[in-house]
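Observations on the three-dimensional arrangement
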Amino acid sequence: MADPQGFMKYSRSDAPKRPKPERLQDWNEVYLDEDPAERNAAVRTQAARCMDCGIPFCHSGTAGCPLGNLIPEWNELVRRGDWELASDRLHATNNFPEFTGRLCPAPCEAACVLSISHDAGGAVAIKRVEETIADVSWENGYVQPSQATVSSGKRVAVVGSGPAGLAAAQQLTRAGHEVVVYERDDRLGGLLRYGIPEFKMEKKALDRRLSQLRREGTKFVTGCEVGVDITVEQLRAEFDAVVLAVGALRGRDDKTTPGRELKGVHLAMDHLVPANRAVEGDGPSPISADGKHVIVIGGGDTGADCYGTATRQGALSVTQLDQYPMPPTVRDDERSPWPVWPHILRTYPAHEEAGERRFTVAVRRFVGDDDGHVRFIELQQVRVEKDSSGRRSVVPLSDEIEMLPADMVLLAIGFEGVEHMRLLDDLDISLTTRGTISCGSDWQTTAPGVFVCGDAHRGASLVVWAIAEGRSVANAVDTFLTGSSNLPSPVIPNQLPLAVV
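Here goes a summary of the coordinates provided. Note that this is a predicted model, so its numbers are computed, not measured. (Residues numbered from 1 in each chain as written. Predicted model: local features only at pLDDT ≥ 70, side-chain atom pairs only at ≥ 80, totals over all residues. Heavy atoms only, no water.)

**Here we look at the environment of methionine 269**
The condition is simple: Numbering of helices and strands starts at the N terminus; helices are DSSP runs of H or I of at least 4 residues and strands are runs of E of at least 2. Type-normalised accessible area, obtained with a 1.4 Å probe on protein chains alone, sets the label of each residue: buried when under 20%, exposed when over 50%, and partly exposed for intermediate values. Throughout, a contact is declared for two residues whenever any of their heavy atoms are within 4.5 Å.
Along the chain, methionine 269 falls in helix H13 (residues 268–280). According to the relative accessible area criterion, methionine 269 is buried, its value standing at 16%. Sequence separation between methionine 269 and arginine 250 is 19 residues, and the spatial gap between their C-alpha atoms is 9.5 Å. Other than its neighbours up to four places away in sequence, methionine 269 contacts Leu191, Tyr194, Gly195, Pro274 and Phe415.

**Focus on the pairing of strand E7 (residues 293–297)**
To keep it simple, the criterion reads: A pair of strands is labelled paired if DSSP reports no fewer than 2 bridges between them.
Here E7 lies mainly inside the structure; 4 of its 5 residues are buried. Judged from the 4 bridges that link them, E7 and strand E14 (residues 408–411) form a sheet pairing that is parallel. Note that in E14 the partner of isoleucine 297 across the bridge is leucine 411.

**Considerations on the packing of helix H5 (residues 83–91) against helix H8 (residues 126–139)**
In plain terms, the rule: For helices, the axis comes from a line fit to the C-alpha atoms of the stretch in contact; other axes are also lines fit to C-alpha atoms, and the angle between any two N-to-C directions lies between 0 and 180 degrees. Angles below 35 degrees are treated as roughly parallel, those above 145 as roughly antiparallel, those between 65 and 115 as roughly perpendicular, and all remaining angles as oblique. Each crossing gets its handedness from the near helix: less than a right angle anticlockwise from the far helix is left-handed, clockwise is right-handed. Three residue categories are used. Nonpolar comprises Ala, Val, Leu, Ile, Met, Phe, Trp, Tyr, Cys and Pro, charged comprises Asp, Glu, Lys and Arg, and polar comprises the others, including Gly.
Interaxial distance between H5 and H8 falls to 9 Å at its minimum, and their mutual angle equals 115 degrees. Our classification of the angle between H5 and H8 gives roughly perpendicular. The two elements H5 and H8 cross, and the hand of that crossing is left-handed. Residues Trp83, Ala86, Ser87, Leu90 and His91 of H5 pack against Glu130, Thr132, Ile133, Ala134, Val136 and Ser137 of H8. Looking at the contact of H5 with H8, its residues break down into 6 nonpolar, 4 polar and 1 charged.

**Focus: H5**
Note the following rule: In this context, the arc is that of the directions from the helix axis out to the C-beta atoms.
Residues Trp83, Ala86, Ser87 and Leu90 constitute the buried set of H5. Buried residues along H5 cover an arc of 105 degrees about the axis, so they all sit on one side.

**Overview of the packing of helix H9 (residues 163–174) against helix H18 (residues 463–482)**
The contact between H9 and H18 brings their axes to 7 Å, and the two run at 35 degrees. Of the two elements, H9 crosses H18, and the hand of that crossing is right-handed. When H9 is examined against H18, the residues Pro163, Ala164, Ala167, Ala168, Gln171 and Leu172 are found in contact with a partner set consisting of Val463, Ala466, Ile467, Gly470, Arg471, Val473, Ala474, Val477 and Asp478. Residue composition of the contact of H9 with H18, by class: 11 nonpolar, 2 polar and 2 charged.

**Quick word on the sheet that holds strand E2 (residues 178–183)**
Overall, parallel pairing links the 5 strands, which are arranged E3-E2-E1-E4-E16 in an open sheet. Of all strands in the sheet, those bounded by a partner on one side alone are strand E3 (219–222) and strand E16 (450–452). Between one strand and the next, the sheet's axes are offset by a mean angle of 20 degrees, whatever the strand orientation. As paired elements, strand E4 (residues 241–244) and E16 share 3 bridges and run parallel to each other.

**Notes on the pattern of salt bridges**
The cut-off we apply is this: What counts as a salt bridge is simple: a side-chain nitrogen of Lys or Arg found within 4 Å of a carboxyl oxygen of Asp or Glu.
For the structure shown, the criterion picks out 42 salt bridges. Between arginine 23 and glutamate 352 there is a salt bridge, and its shortest N-O distance comes to 3.8 Å. Highlighted residues: arginine 23 in helix H2 (residues 20–23) and glutamate 352 in helix H15 (residues 349–353), separated in sequence by 329 residues. For aspartate 186, the salt bridge identified is with arginine 187, shortest N-O distance 3.6 Å.

Right, here's the structure in full:
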């Protein structure tokens with residue numbers, strides 16, 4: 001660290017965004033396409049704010065980054081302008097930094113020592129530095145295929161091409177195994193492709209990384225549902241190990257609110273997937289917000305994705321509902337002390353563009369027209385209570401009802417786990433009470449030679465955890481096949497983020 005007072009000299013500065021009216025006219029990423037020289041200079045200044053702490057909580061596996069990204073190291077390299085070495089240090093722990101730089105909510109920043117005090121000016125803009133290193137790496141040709149020099153003679157099937165599956169596949173291919181990734185969709189990427197809107201990450205970032213994997217030797221099969229188009233018997237006969245990275249896409253539904261059966265009430269993914277397909281060029285989405293009053297139920301990331309998608313589709317209005325009170329704008333040290341993930345109001349770029357958010361409210365009833373299509377919702381002020389056993393209940397605060405126009409309702413209230421699929425039945429793998437696939441300390445499921453990682457194991461989580469588990473399961477598979485492994489293993493199966501309980 002050349003300048004121990006850098007954090008006092010320079011203020012935190014996030015990446016500049018395009019004007020809101022411009023963003024709403026297209027599906028491009030919301031951030032400004034800066035001149036590379038100006039961008040790099042600004043990011044070098046931001047990197048100079050890093051204190052190079054004696055104990056860098058930013059890359060702690062329990063408080064900060066589960067990948068163990070060497071954040072102080074590449075901050076200092078960026079400050080010095082050594083982008084190539086910074087790229088090496090970043091890729092040493094992260095297969096896909098352009099994904100995490102765009103999509104991860106940055107627990108590393110929440111754990112930054114500069115987050116302890118508001119007087120410090122805020123955490124280092126780690127996410128911005130990471131994304132810029134990744135972009136510079138591609139622009140300058142630092143990202144090249146890394147091919148194995150010796151073949152192990154072993155074959156591994158990876159089921160699912162989301163971030164966990166891709167990370168596992170790349171690591172295992174580089175270790176010398178023949179890896180085939182099976183994807184049931186027509187294109188690769190899983191939620192990165194069809195769940196994440198283009199305005200959060202343009203798919204060219206995904207496609208160029210997939211090209212690298214192909215050049216390294218990873219093989220891909222699309223439009224193939226394992227367990228149906230290829231049987232478990234065939235899988236067992238052709239491969240020495242199997243990695244399940246099938247995600248946790250079973251959306252949570254609301255089957256208790258009257259009127260749920262009305263047309264126009266959809267699960268969030270039923271809206272996001274065809275919207276992303278439309279951007280890919282597959283034709284107009286059958287579930288469009290164009291000319292409609294849209295209600296988004298759920299205050300998380302998926303709800304924000306629906307929010308931004310609806311506004312770009314031409315919604316007349318967008319209202320996002322949350323049963324809980326509006327969180328504070330700054331960390332409450334009693335509820336979520338540093339360095340744990342803070343309970344604060346998270347405002348996404350989509351929230352700045354249009355529409356509104358409502359808190360401590362819940363839908364009492366969906367109201368339809370004579371054709372059975374939703375037209376209004378009945379809204380009530382509520383309070384969420386928990387009993388001694390932790391069971392949650394939503395209690396109305398009064399009998400007062402507010403009517404809101406609603407031509408489309410999107411349920412973004414979370415996920416219940418892995419979808420029910422024949423593959424699991426034929427492997428004789430049962431889901432846990434959380435709807436996930438359990439494993440032992442070696443990431444192996446109850447089916448011998450079958451491993452699990454990512455959301456399928458952890459439940460719906462962050463992209464950085466998916467990559468970390470993919471890298472770790474690669475180490476376990478490599479050990480299973482060869483007796484030992486030099487591949488990194490950043491997390492263990494039962495690892496959880498630091499939290500106040």
